[in-house]
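Each chain, written out:
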Amino acid sequence: MKLVRRITSAVPDKVASAVLGPIPVGRDRALGLSERLAAATSLTSSLEYLTQRHEMGKGGMNDWDIAKDSIAHANPLLRRVIDIASGRRTTTALHVARAAVASAMLLPGRSAWRGAGSLFLGASSALLGPRQHYGSDGADQVATLVQIATGGARLVPSPAAKDALLWYVALQSNLSYLVSGWVKLLGPDWRDGSALPGVMRTHTYGHEGMHTWIRNNPRPAKLLAHGVLALECLFPLAYLKGGKLTRPVLASAAAFHLANGYFMGLGRFATAFPAMHPLIAYTAAPRTHPAVAGRDDRALPAALTLLAGATVAAGVTAVHRRMRATEGWRTSRVLTTRHGNRLQYEEMAAGDTDRPVFVLASGLLSTSEHYAWISERLCYESSYGVITYARAGYAGSHRRATTAYRLTESVDDLVDLVNGAVAPHRKVILVGHSIGGELARRAVAHLGDRVHGVVYLDSSHPDQFHRSPQQRVTGAGLAGNFTSMSRALRLGTGALLARPWWIKELPAAYQEKVFAQYADARMWDAARREWTALREDFEAFPGRLAPIEGVPALVISAQRTVDRDPEQLLMHRELAEAHRSAPTETVVVEGAGHDTLLINSRYAHQVTDRVLAFFRSLDERPRAARPGRSVTLEKEASR
């Protein structure tokens with residue numbers, strides 16, 4: 001009986017020791033496990049790209065002729081090196097070499113050559129990153145982080161330097177889980193459990209079986225979603241009380257990534273993120289444990305001190321940028337619309353009282369400053385009036401409406417702006433880029449004979465989701481991206497936000513303000529709100545544009561837009577055809593993209609030239625109907 005009691009009393013202790021407590025892994029063991037898991041990620045990655053080489057060709061998902069735009073404003077030397085590495089033969093050779101090195105890294109060993117192998121894998125992954133922009137879903141970036149750190153740790157002789165590098169990866173891992181969790185927590189879809197079924201029913205990341213289970217078991221599914229939140233938000237608990245929770249935390253995280261790999265098709269997640277776990281186990285164990293004896297932990301207080309300083313700096317930066325984003329210009333004015341929204345606008349030029357006024361409506365996730373090249377030329381080189389404005393939620397404009405947002409709200413705001421900011425006897429020329437073009441088209445019906453003409457700049461079309469597969473695919477995840485960016489900015493990460501290349505394309509006087517707006521969470525909230533409403537509105541489009549009688553129209557398309565999606569050109573022509581009994585013209589600006597049509601000075605000047613020429617020709621001729629024209633800038637003469 002005594003023997004039975006001893007066995008019975010010992011069972012809970014053994015279970016507890018197996019489940020709770022630190023994971024006894026030394027420095028060399030942790031290094032070996034991490035570099036092998038990262039090498040497995042690189043091997044899988046390269047084999048996948050080698051078996052999908054067709055995606056590197058023209059029109060493929062990783063077509064370099066298109067993808068190279070992402071490095072157009074990088075350092076010339078770096079751009080040249082990446083361009084050389086991105087040739088199909090060079091890329092193939094690099095992936096073959098990566099597969100060979102990664103396979104060798106899976107073998108046992110502790111030599112310095114393993115450090116060189118990890119550095120090669122990490123460096124080559126970073127070099128090929130722009131080339132294989134799609135398909136990694138973050139796994140390659142995590143593997144690169146691990147490989148650079150473990151490669152350096154293999155090669156540096158100082159134990160303190162080795163531990164600093166391992167602490168760096170461990171802290172990065174904690175930060176990635178922590179930020180991901182708290183960003184999710186800020187959104188209602190994860191709190192109410194609706195995010196998980198939403199992901200599982202998507203074409204890209206969904207799983208039919210899992211989605212069916214979630215639909216049939218809502219309560220367990222909600223608990224599962226909350227479990228993911230708890231795991232990510234509380235991940236640093238692995239370090240509490242001498243690492244007693246290290247085992248359950250890392251086991252839960254590994255299971256989470258295995259599930260991602262199976263259900264969401266993110267196979268590399270199963271090895272990429274767990275590659276950081278051995279280093280967490282090494283740094284979470286108490287220094288009194290024999291496995292980590294002599295570990296140098298000076299990197300931790302140094303990192304916490306830097307984090308505290310960075311937090312303060314981020315807060316100051318966020319306040320400064322918010323003030324810059326909302327303060328407007330010295331001549332800014334405010335108008336309150338019927339919905340209670342307060343619109344900030346600029347009368348950039350009054351113009352001659354007998355001439356029309358240009359009213360410029362911006363696109364999604366952009367404000368009036370995106371029109372800088374065009375608006376300034378219209379001011380200084382014509383006698384027209386010029387008004388720019390920011391929609392509710394952007395820059396210094398505030399949304400005060402209490403009803404659910406619909407596109408009609410922004411149309412009403414535009415109509416109220418015209419009626420409130422433009423003298424009643426003057427006509428207006430509505431200019432709209434992207435969704436701004438659709439808002440302008442709808443505003444015509446409310447403004448009647450006040451409209452002298454409409455200019456559509458690479459405009460949205462209400463039938464685009466029905467007719468354009470590319471629009472359906474690229475637009476599917478935009479709302480989620482806007483939400484994630486907004487939440488991240490609200491957590492104070494704006495101080496870490498890199499300045500996008502396109503801001504440097506704008507006139508120098510506008511760049512700081514535009515960057516402040518870009519780093520403002522309000523702008524991303526407004527974009528998400530507008531995009532969600534736009535998709536709902538466009539999905540219900542009956543299929544035929546309402547005719548607009550007697551209003552001239554100039555439709556300008558970006559060549560890159562119509563080259564990638566020829567259906568867009570057909571829809572843009574339909575915009576012109578909807579304007580009946582009035583002059584129309586369609587133009588394709590060669591070389592321009594959807595955004596560079598405005599922000600690149602060369603293309604913006606071509607747009608302005610065409611706009612001025614079109615309306616000056618109207619002044620010289622009676623407003624009688626005549627056939628529309630279709631031209632391509634810079635090639636018109638040769639055609």
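Quick look at the structure, then. Bear in mind that the values here come from a model prediction, so they are computed numbers and not experimental data.

Along any regular strand, the residues point their side chains to alternate faces of the sheet. Counting buried residues in strand S5 (residues 428–433) gives six out of six residues, a clear majority hidden from the surface. Every second residue of S5 is oriented toward a common face, with Val428, Leu430 and Gly432 on one face and Ile429, Val431 and His433 on the other, all of them buried. Taken together, the five bridges between strand S3 (residues 357–361) and S5 define a ladder with parallel strand orientation. When the bridges of S5 are listed, phenylalanine 358 appears paired with isoleucine 429. The pairing of S5 with strand S6 (residues 451–457) spans six bridges and is classified as parallel. Paired with valine 428 across the bridge in S6 is valine 451. Of the crossover connections in this fold, the one passing from S5 over helix H19 (residues 435–447) to the parallel S6 is right-handed.

On to the packing of aromatic side chains. Overall, the coordinates contain 13 aromatic pairs when judged by the stated rule. Judged by centre distance (5.7 Å) and plane angle (85°), the rings of phenylalanine 465 and tryptophan 531 are edge-to-face. With a gap of 66 residues between them, phenylalanine 465 in helix H20 (residues 464–467) and tryptophan 531 in helix H24 (residues 521–539) connect regions that are remote in the sequence. Each member of the pair, phenylalanine 465 together with tryptophan 531, is buried. Put simply, the rings of Phe358, Tyr384, Phe614 and Phe615 touch in pairs and so form one group of aromatic residues. Over the aromatic face of phenylalanine 465 sits the side chain of arginine 535, whose NZ or CZ is 4.8 Å from the ring centroid.

Among the nonpolar cores identified, the biggest contains 96 residues, and Phe358, Val359, Leu430, Leu457, Ile556 and Phe615 are the most heavily contacted of them. At nine residues, the largest contribution of residues to this core is made by H24. Counting 43 residues, the second-largest nonpolar core is a separate cluster that includes Leu31, Ala38, Val142 and Ala225.

Evaluation of the coordinates by the stated rule reveals 29 salt bridges. In this structure, aspartate 416 engages arginine 338 in a salt bridge whose closest nitrogen and oxygen atoms are separated by 2.7 Å. With aspartate 416 in helix H18 (residues 407–421) and arginine 338 in the loop between strand S1 (333–336) and strand S2 (342–349), this pair connects stretches of sequence that are 78 residues apart. Between glutamate 438 and arginine 442 there is a salt bridge, and its shortest N-O distance comes to 2.6 Å. Of this pair, glutamate 438 and arginine 442 both sit in helix H19, four residues apart, roughly one helical turn. One salt-bridge network, held together by shared partners, links Glu438, Arg441, Arg442 and Asp537.

In terms of residue burial, strand S8 (residues 553–558) counts as a mostly covered element, since six of its six residues are buried. By the alternation rule, side chains of S8 split into Ala553, Val555 and Ser557 and Leu554, Ile556 and Ala558, which are all buried. Pairing of S6 with S8, which is carried by four bridges, proceeds in the parallel orientation. Within S8, the position partnered with valine 455 by the bridge is leucine 554. Direction of pairing for S8 relative to strand S10 (residues 584–589): parallel, over a ladder of six bridges. Bridging from a neighbouring strand, alanine 553 pairs with threonine 584 of S10.

Moving on: helix H11 (residues 208–216). The set of residues buried in H11 consists of Met210, His211 and Ile214. The buried residues of H11 all sit within an arc of 100° when viewed along its axis, so they share a single face. Exposed residues pointing more than 90 degrees away from the buried face of H11 are listed as Glu208, Arg215 and Asn216. Next to the buried residues of H11 lie helix H10 (195–200), helix H12 (218–233) and helix H13 (246–263).

So, how was this worked out
- Residues numbered from 1 in each chain as written.
- Predicted model: local features only at pLDDT ≥ 70, side-chain atom pairs only at ≥ 80, totals over all residues.
- Heavy atoms only, no water.
- Buried < 20%, exposed > 50% of the residue type's maximum accessible area, 1.4 Å probe, protein only.
- Helix = DSSP H or I, 4+ residues; strand = E, 2+ residues; numbered from the N terminus.
- Pairing = 2+ DSSP bridges.
- Right-handed = clockwise from strand over helix to strand, strands pointing away.
- Phe/Tyr/Trp six-rings, centres within 6.5 Å; stacked < 30°, edge-to-face > 60°.
- Lys NZ or Arg CZ within 6 Å of the ring centre and 35° of its normal.
- Core = buried A, V, L, I, M, F, W, Y, C linked by side-chain atoms within 4.5 Å.
- Salt bridge = Lys/Arg side-chain N within 4 Å of Asp/Glu carboxyl O.
- Arc of directions from axis to C-beta.
- Contact = heavy atoms within 4.5 Å.

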